Amino acid sequence: ENILVQSANSDWVVETKVTFSRKPSTPNQQGGIIAMQDDDNCVRFVYRTNPRSFRTRSSVLDMVIETGGNSFSLAGSRSADPITDENFSLILRLERKGSKFTGSYSRDGKTFTTIGSADVVLRDLNAGVIVCNGSDTPRAGRQGMPAMQMPDAPQGDFEVIYDYFRIISSGLK
C-alpha cells in the first residue's frame, strides 16, 4: 500500500527528489526508489534505519536486493549518513543497464555519489517510489535469546515527500 510504480522494462534512469521529515528510527522504516518484478524480487535504493545498529538508531542510504523472497543489503553500499537535519532533501537516482542496477545520490542535483551496484535478473519490471513507516515491534532474538530491546523512538510518523519522479528510458532491452 506504500508503493507507487509504473512499467519500466527497458534500460533507464529513475530520479526523484525526496524530503525526509526526520531520520528513520524503527525497524523497516524507509523511503526511496524501488524496481520490482513482484513482492519477492526487487531492488530498493532507500534511506532507512541501519539494520546493524537498531540500538543506536543510526540511518543509512542502502541498496537492498530481494530475490526469491530473500533480501540482503549490499555490503559495499554503506555510506555515512547524508541527512543532517529534519526535513532534509536528497536527489536519489537508480539506474538499470541490463541486469546491473546502480544507486547514487546528490544534494545539489549536479554531483552524484554512487552508493552501490548489483547484478540482478528481474523481468517485467515496474519502477517507482516506496515509503514504509516501520514497526515498533522489537526484532526477535535467535532461538533461546531474548528479543532486542529498542530505545525510545522519536514521536510522529516518518514522512517522505517526493518533489518529482521521472523515468528516463535509454533504449529498449
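Look a little higher up for the structure.
Residues numbered from 1 in each chain as written. Predicted model: local features only at pLDDT ≥ 70, side-chain atom pairs only at ≥ 80, totals over all residues. Heavy atoms only, no water.

**Here's the deal with the overall build of the protein chain**
Moving on, step 1. Of regular secondary structure, the protein chain possesses 0 helices and 11 strands.
Moving on, step 2. Along the protein chain, helices and strands appear, N-terminal first, in the series β-β-β-β-β-β-β-β-β-β-β.
Moving on, step 3. Here the protein chain, with 173 residues, has 46% of them falling under the buried criterion.
Moving on, step 4. When the accessible surface of the protein chain is summed, it comes to about 9,300 Å², and 45% of that surface belongs to carbon and sulfur atoms. (Helix = DSSP H or I, 4+ residues; strand = E, 2+ residues; numbered from the N terminus. Buried < 20%, exposed > 50% of the residue type's maximum accessible area, 1.4 Å probe, protein only. Areas by Shrake-Rupley, 256 points an atom, 1.4 Å probe, with all protein chains shown as cover.)

**A word on the packing of aromatic side chains**
Moving on, step 1. Overall, the coordinates contain 3 aromatic pairs when judged by the stated rule.
Moving on, step 2. Residues Phe20 and Phe158 carry aromatic rings whose centres are separated by 6.1 Å and whose planes lie at 20 degrees to one another, so their mutual orientation is stacked. Taken together, the residues Phe20 in strand β2 (residues 12–20) and Phe158 in the loop between β10 (126–133) and β11 (160–169) connect sequence positions 138 residues apart.
Moving on, step 3. Aromatic rings pair up to connect Phe20, Tyr47 and Phe158 into one cluster. (Phe/Tyr/Trp six-rings, centres within 6.5 Å; stacked < 30°, edge-to-face > 60°.)

**Some remarks on the side chain of Glu66**
Moving on, step 1. Relative to the helices and strands, Glu66 is located in strand β5 (residues 59–67).
Moving on, step 2. No salt bridge is formed by the buried Glu66, whose closest oppositely charged neighbour, Arg44, lies at an N-O distance of 4.6 Å. (Lys, Arg positive; Asp, Glu negative; His and termini not counted. Salt bridge = Lys/Arg side-chain N within 4 Å of Asp/Glu carboxyl O.)

**Thoughts on the sheet that holds strand β8 (residues 100–106)**
Moving on, step 1. Taking strand neighbours across the sheet as the criterion, the 5 strands line up as β9-β8-β7-β2-β11 in an open arrangement whose pairing is antiparallel. On the outer flanks of this sheet lie β9 (113–119) and β11, each paired with one strand and no other. Across the sheet, the mean angle separating the axes of adjacent strands is 15 degrees when strand polarity is ignored.
Moving on, step 2. Sheet analysis places β2 next to strand β7 (residues 88–97), joined by 9 bridges and oriented antiparallel. Looking across to β7, one finds that Trp12 is bridged to Arg96. (Pairing = 2+ DSSP bridges. Axes fitted to C-alpha atoms, helices over the stretch in contact; angles between N-to-C directions.)

**Observations regarding the sheet that holds β10**
Whether parallel or antiparallel, the strands of a sheet pair through hydrogen bonds between backbone atoms.
Moving on, step 1. What the 6 strands build is an open sheet, ordered β1-β10-β3-β4-β5-β6; its pairing is antiparallel. Single-partner strands in this sheet number two, and they are β1 (3–7) and β6 (70–73). Taken over all neighbouring pairs, the strand axes of this sheet differ in orientation by 20 degrees on average, direction set aside.
Moving on, step 2. The sheet contact formed by β5 and β6 spans 4 bridges and is antiparallel. Note that in β6 the partner of Val64 across the bridge is Ser73.

**Details of the pairing of strand β4 (residues 41–49)**
Moving on, step 1. Judged by how many residues are buried, β4 sits mostly within the fold: 9 of 9 residues are covered.
Moving on, step 2. Across 8 bridges, the pairing between strand β3 (residues 29–38) and β4 is antiparallel. When the sheet's bridge partners are listed, Gly32 is paired in β4 with Val46.
Moving on, step 3. Here β3 hands over to β4 after 2 residues, the two strands then running antiparallel side by side.
Moving on, step 4. Pairing between β4 and β5: 8 bridges, direction antiparallel. Following the sheet pairing, Tyr47 is matched in β5 by Leu61.

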